[in-house]
Amino acid sequence: MYSVQNLFEQYGKELDLNLVAGQTGMTRSIKKPEVHRPGLSLAGYKKSLPTNRILVFGKVEISYIRELPKEERLERLKWVITPSTPAVIIARKYRPPTEIVQLCAKHKIPLFRASHTATTLLSKITFLLMEEFSPSVTMHGTLVEVFGVGVLIQGESSVGKSEAALGLLERGHRLISDDVVKVKKREGAYLVGSGPELTRHLMEIRGIGIINVAHLYGAVCVRPDKGLDIAIKLEEWDDRHFYDRVGLEEKFCDILGISVPFHILPVKPGRDVVLLIETIALNHRLKDMGYHSAKEFNVKLLEAIAHRQKRKKIHEADPYR
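Just so it is clear, the model here is predicted, and its values are computed rather than measured.

Undergrad: So what's going on with the pairing of strand 15 (residues 230-236)? Which residues, and what values?
TA: Direction of pairing for strand 8 (residues 149-155) relative to strand 15: parallel, over a ladder of five bridges. Note that in strand 15 the partner of Gln-154 across the bridge is Lys-233. Here strand 15 runs beside strand 17 (residues 258-267); their pairing, made up of six bridges, is parallel. What sits directly across from Ala-231, in strand 17, is Phe-262.

Here it is as structure tokens:
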């Protein structure tokens, strides 16, 4: 449950929120990642009045309320500020009308003042709430950026995930998170991975311990988050297992309802895992540009076979030709 208290503690300074009334209602839950500006509702339009949303009163709303007769003013505000309202924010640090203060105190609704304009508050709060309400999942693995591609390296414990990531850092690539990756679904269309604040920029290497990547390789080798583009699973080489040698069959894994290209990378002594991960990332970029090496090879192969069959038929029809 995401509450008004959470919003105030995390983004109160950024939004410049000052609590005026309704302190006892800070535990109210915010159920929708939307903000409402009650212009039409104050004018008397009752249809489709949104509920369970944070209300923002701007310059126009405050001016309109002050021009209304006292009795009508309170009646109009009762339509808008209801017991289900999570919080009320007054923009431009206007002094809130007495009726708003009374209603918020009555229903135990937090009332804030902010220096930003109503439009700015609407866009900022909506963006922040969309971030908080985005579907998320915590995954085990290491997230790195390789040639601009977000690569999630997974595998069993001690298979070499962190060591592979360390090798990528030495080649100038960047670390997002090691061991624990929090993946969020943004706008219902793409994934973004990040790491816990406690372990940010840190890696655990067996035999060495905890290292700070930002201190060792510089700030250029880390970043707070990155879009998750492909997933790679490292596994020990198994001679009984058939590994794809052409790449025509593309595999995908489902993360929060989004299909992510998936690769199984067998590991054994002599294989340069770092180079192979770089190759997968580069090949992924080529596919995004419309160039598929395996499919192009397959087309050329089929053309060559068709050409040979055609020559064979001609030779059988006329051996002396």
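This is not the end of the story, as more comes after the structure.
Undergrad: Quick rundown of the packing of helix 7 (residues 161-170) against helix 9 (residues 273-288)? Include the residues and the values.
TA: In the contact formed by helix 7 and helix 9, the axes pass within 9 Å of each other and the chain directions differ by 70 degrees. With respect to helix 9, the element helix 7 is oriented roughly perpendicular. Contacts from Ala-164, Gly-167 and Leu-168 in helix 7 reach Val-273, Val-274, Ile-277 and Glu-278 in helix 9. Per-class residue counts for the contact of helix 7 with helix 9 are five nonpolar, one polar and one charged.

Undergrad: Account for the sheet that holds strand 10 (residues 180-186), naming residues and giving values.
TA: Each strand in a sheet pairs with its neighbour through backbone hydrogen bonds, running either in the same direction (parallel) or in the opposite one (antiparallel). Sheet architecture is open: four strands sit in the order 6-10-11-14, paired in antiparallel fashion. What marks the edges here is a single partner per strand, and that holds for strand 6 (136-140) and strand 14 (225-227). Taking the axes of each pair of neighbouring strands and ignoring which way they run, one obtains an average angle of 30 degrees across the sheet. Here three bridges tie strand 11 (residues 190-194) to strand 14, and the two strands are oriented antiparallel to one another. Bridge pairing links Gly-193 to Lys-226 in strand 14.

Conventions we followed
- Residues numbered from 1 in each chain as written.
- Predicted model: local features only at pLDDT ≥ 70, side-chain atom pairs only at ≥ 80, totals over all residues.
- Heavy atoms only, no water.
- Pairing = 2+ DSSP bridges.
- Helix = DSSP H or I, 4+ residues; strand = E, 2+ residues; numbered from the N terminus.
- Axes fitted to C-alpha atoms, helices over the stretch in contact; angles between N-to-C directions.
- Parallel < 35°, antiparallel > 145°, perpendicular 65-115°, else oblique.
- Contact = heavy atoms within 4.5 Å.
- Nonpolar A, V, L, I, M, F, W, Y, C, P; charged D, E, K, R; others polar.

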